[in-house]
Amino acid sequence: MTTAIAHPPAEDVRAPLAGASFDHLATMFDDLPHPSQPPHGVLRGQAVALAGAQRLPGWARQAVTSVLARLIAPCWRGKRIAHGSGSNLWLPIGSPLAFGHFAVRQDHDGPLLLDYDVSDNPAPLRRIVGELRTLAPGLYLGRMDLVTGNGRRPVLYFTLEH
Amino acid sequence: MAATNSDAQRWDAVVVGTGFGGAVVGARLAERGLRVLMLERGPWWGPLGAEHPVGPHRPFPRGALGLRKLLRGVHLSRGSRSLELTLHRDGLYELHVFERLICAVASGVGGGSLVYTNMQVQPEDDFFDAFPQEITAQEMQPHYQAVREMLRPMPVPEPPVKAQAFARALARSGAGEANYPELAVAFAEPRSTGGGPGHAPSGRREPRPGYAGTCIIGCEDRSKLTLDSTYVALAERNGAQIRALSVVKAIGRSADGYEVRVEDLAGGATFVVRAPRLVLSAGTLGTLRLLLAARDRHRTLPKLPAAVGRGFTPNGDMAAFVHRASGDVQSDVGPSISAYVQARNREGRHRHLVAEVGLPLAALPLPHALRRRLSHSLVLFGMGRDGIADEARIDGRGQLRIAADRLDDPELFDELQQAMQRIGEGYAPRRVLTHLPYTRSSPSLISVHPLGGAAIASDPAHGAVDHTGEVFGHPGLFVADGSLYPTPPGLPPSMTIAALAERIATFVATSSRPTAVPR
């Protein structure tokens, strides 16, 4: 019909995340911009890397992370964020349960923090601080840090998307 | 600004959608030498798509098995329910089920042109009273002419039996005179040497292009001048890249313009494209969803005008079914619509129209006996200048919320219903079922022409975009589709969408690189 142009391959913005180590993700995370404003509404979540798999060699880490992410997916649905606070959504698709609440803090264009130190949460959860960076419009890379006496230690990387 | 990925591709313009807005803008920008990327969530369809050397293509939904691809999915946002159910990512139609309104839209390269009824109707001059002063009926003439040159509309050369039956029904019911609209259909000469309709000069009987009643669900004989064969083809000839089965999930700002997150439905990848010019032509509901999400949900363009979402209208759409007319109708022979009747208000302005719509029986897997019976039945479809100006919103799950219903303008819909009842009875049928698919007095509506919500206006207090199609306060961000309508035409809207897109394309092409996209 016409002189159609073949599509150049489109690289997946999520591709660098699959099976990546915490070190690699930390570098990537630091390079990503802060969201200009907190997102609003329900965001679908997906685990990307877990602390427990980090000591494994690369190939095993990738396989274990993939399996764990698949196991987590039906349980952890994502997060709901609205008006300066939010919560994690669990299990039933239609009406998920909210557990793991957080306050959303951001100063101007600064870091977008998810602070789990809220009274509704059990004590262990209150030691968690999350942060979101923008991977693409409406798509975020998140990191959960456990606050210990020695500072903050990452335990989970995840994506959130509308 | 989001991540700078190595895979990001740079374009002079990214156009979202390939319907009557996007196809036109994409073609004209490419003609001017701009590097244009056109993103389309649906596949290439039909025989034309099969010949296209690049991109996913699908045969039109036909037969018991093929018809499963008739429905792409359903967006449901009613009461406490809010969900998106995708049945086939490469399906043809999509339903949006709101509180008291159901909208049906199409998906594929060519957008609504794949399934519309080919009517190319220009509104009367007073319609442009609602537009900014720069846009008048006279000023729009060259743009309508440009559309005419591409789509070559003409009235049906010889009214088919169903159009003649419509004229007789009008005469019996005293509902007015039949008009024969210009159709974007490549008609064959109905009487060529060799004698009789459909005979080629050789005397050998040939199919009669333009008479296939199935074209409302995709045109197999290519007689319908759809956008994939006209404007999109022009865009490709001039170097534009068309990515089918690529759905835009979100938009945001980038260092020098805008960026778009795209999901490749064929390969599963998520990629980002950037351009100084972004044209949203995803159809009214698609464009509103992207704009409202960017403003209220993703917060990537939080300073989009407050007027985004306001002024939504279902174009006064209403349908009726005439069951088993007493005379010959041949419902499945001829263009889907080949005749209509117009009603005016006291001031002589267009109020509404009612058109006869044949049934695409040959495309449906029906027993022969039922098909023969249904060939005596038809649909009457009405459109009117309703007074509805609802506000579309986006909910926490990303679904549009629209509260429009019949009670927003009961007078118009009562008039339309009565007109359709009267015309239907003119066929002396077994039954006339008005206000389909609902009961007669239901407050719910159905629309295949959702319009408005990003209205063209003189200032941001009254609309979302200026007369050039550029979103107020967002240089380089344009809208070119049915969402531009500031008021319903009560007519098939496609020709005016295309003409406005012709006009908007000139401004997109000459727009300077945006330097300050507001945060």
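Everything below is about the structure shown above.
Report on the accompanying structure. (Residues numbered from 1 in each chain as written. Chains lettered and ligands numbered in written order. Predicted model: local features only at pLDDT ≥ 70, side-chain atom pairs only at ≥ 80, totals over all residues. Heavy atoms only, no water.)

1. Describing the overall build of chain A
Item 1. Along chain A, the regular secondary structure elements total two helices and eight strands.
Item 2. In chain A, the succession of α and β elements from N to C terminus is α-β-α-β-β-β-β-β-β-β.
Item 3. Taken along its principal axes, the extent of the C-alpha atoms in chain A is 65 × 40 × 35 Å.
Item 4. Here chain A holds 162 residues, and 48% of them are scored as buried.
Item 5. For chain A, contacts bridging at least 24 residues in sequence account for 45% of all contacts bridging at least 6.
Item 6. For chain A, the computed accessible surface area is about 8000 Å², with 58% contributed by carbon and sulfur atoms.
Item 7. Taking the average place of the 15 positive charges on the side chains of chain A and the average place of its 13 negative ones, the gap between the two points comes to 8 Å. (Helix = DSSP H or I, 4+ residues; strand = E, 2+ residues; numbered from the N terminus. Buried < 20%, exposed > 50% of the residue type's maximum accessible area, 1.4 Å probe, protein only. Contact = heavy atoms within 4.5 Å. Areas by Shrake-Rupley, 256 points an atom, 1.4 Å probe, with all protein chains shown as cover. Lys, Arg positive; Asp, Glu negative; His and termini not counted. Charge placed at Lys NZ, Arg CZ, Asp CG, Glu CD.)

2. Brief notes about the nonpolar core
Residue and element names in this part refer to chain B.
Item 1. Residues Leu380 and Tyr427 are the most contacted members of the largest nonpolar core, which totals 118 residues.
Item 2. The element that contributes the greatest number of residues to this core is helix α10 (residues 494-510), accounting for ten residues.
Item 3. Those residues in contact with Leu380, other than ones at most four positions away along the chain, are Phe166, Met318, Ala319, Ala320, Val322, Val354, Ala355, Glu356, Met420, Ile423, Gly424 and Tyr427.
Item 4. Trp45, Tyr93, Val357 and Met383 belong to the second-largest nonpolar core, a separate cluster that totals 30 residues. (Core = buried A, V, L, I, M, F, W, Y, C linked by side-chain atoms within 4.5 Å.)

3. As for the packing of aromatic side chains
Residue and element names in this part refer to chain A.
Item 1. By the definition in use, this model includes eleven aromatic pairs over all chains.
Item 2. Taking 5.3 Å as the distance between ring centres and 45° as the angle between the ring planes, the aromatic pair formed by Phe102 and Tyr116 counts as tilted. With a gap of 14 residues between them, Phe102 in strand β4 (residues 97-105) and Tyr116 in the loop between β5 (112-115) and β6 (128-136) connect regions that are remote in the sequence. Residue Phe102 shares its accessibility class with Tyr116, and that shared class is buried. (Phe/Tyr/Trp six-rings, centres within 6.5 Å; stacked < 30°, edge-to-face > 60°.)

4. Here's the deal with the sheet that holds strand β12 (residues 241-243) of chain B
Residues and elements named next belong to chain B.
Item 1. Strand order in this open sheet of five strands is β12-β3-β2-β16-β27, and the pairing throughout is parallel. The open sheet has two free edges, formed respectively by β12 and β27 (477-479), since each of these has just one partner strand. The sheet shows a mean angle of 20° between the axes of neighbouring strands, taken without regard to direction.
Item 2. Relative to β27, strand β16 (residues 277-280) runs parallel, the two being bridged by three bridges. Bridging across to β27, Val279 finds its partner in Phe478.
Item 3. Where helix α1 (residues 22-31) meets the sheet, it contacts β2 (13-16), β3 (36-39) and β16, and its direction lies at approximately 165° from that of β3.
Item 4. Strands β16 and β27 of the sheet are contacted by α10, whose axis makes an angle of about 175° with β27. (Pairing = 2+ DSSP bridges. Axes fitted to C-alpha atoms, helices over the stretch in contact; angles between N-to-C directions.)

5. Examining the pattern of salt bridges
Residue and element names in this part refer to chain B.
Item 1. On inspection of all chains with the given rule, the structure shows 35 salt bridges over all chains.
Item 2. Residues Lys69 and Asp90 are paired through a salt bridge, measuring 3.0 Å at the closest nitrogen-oxygen approach. Of this pair, Lys69 sits in the loop between α3 (63-66) and β6 (71-78) while Asp90 sits in the loop between β7 (81-86) and β8 (93-97), and the two are 21 residues apart along the sequence. You'll find Lys69 and Asp90 in the same group, each marked buried.
Item 3. Of the charged contacts, one joins Glu415 and Arg351 as a salt bridge, the two residues approaching to 3.1 Å between their closest N and O atoms. Taken together, the positions of Glu415 in helix α9 (residues 410-425) and Arg351 in strand β20 (residues 350-357) put the pair 64 residues apart, joining distant regions of the chain.
Item 4. On the basis of relative accessibility, which here comes to 28%, the residue Glu415 falls in the partly exposed class. (Salt bridge = Lys/Arg side-chain N within 4 Å of Asp/Glu carboxyl O.)

6. Observations concerning the environment of Pro122 of chain A
Item 1. As for its position among the elements, Pro122 of chain A is in the loop between β5 and β6.
Item 2. Put simply, Pro122 of chain A and Gly100 of chain A are 22 residues apart on the chain and 8.5 Å apart in space, counted from C-alpha to C-alpha.

7. Observations concerning the side chain of Arg253 of chain B
Item 1. Following the sequence through the fold, Arg253 of chain B ends up in strand β13 (residues 246-254).
Item 2. Within polar-contact distance, the side chain of Arg253 of chain B engages the backbone oxygen of Thr300 of chain B at 3.3 Å. (Polar contact = N/O pair within 3.5 Å; in protein donor to acceptor, adjacent residues only side chain to side chain.)

8. Section: the state of the cysteines
Item 1. Within the structure shown, the criterion is met by one disulfide over all chains.
Item 2. Residue Cys215 of chain B pairs covalently with Cys219 of chain B via a disulfide, S to S 2.1 Å. (Disulfide = S-S within 2.5 Å.)

9. Some details on the environment of Leu71 of chain A
Item 1. Within the secondary structure, Leu71 of chain A is located in helix α2 (residues 58-72).
Item 2. Taking the C-alpha atoms as reference, Leu71 of chain A lies 9.9 Å from Ala47 of chain A; in sequence the two are 24 residues apart.

10. Quick look at the packing of helix α4 (residues 137-151) of chain B against α10 of chain B
Residue and element names in this part refer to chain B.
Item 1. Taken N-terminus to C-terminus, the directions of α4 and α10 make an angle of 110°; their axes are 8 Å apart at the nearest point. Put simply, α4 runs roughly perpendicular to α10. Where α4 approaches α10, its residues Glu139, Met140, His143, Tyr144, Ala146, Val147 and Arg148 are matched on the opposing element by Met495, Thr496, Ala498, Ala499, Leu500, Glu502 and Arg503.
Item 2. Classifying every residue of the contact of α4 with α10 gives eight nonpolar, two polar and four charged. (Parallel < 35°, antiparallel > 145°, perpendicular 65-115°, else oblique. Nonpolar A, V, L, I, M, F, W, Y, C, P; charged D, E, K, R; others polar.)

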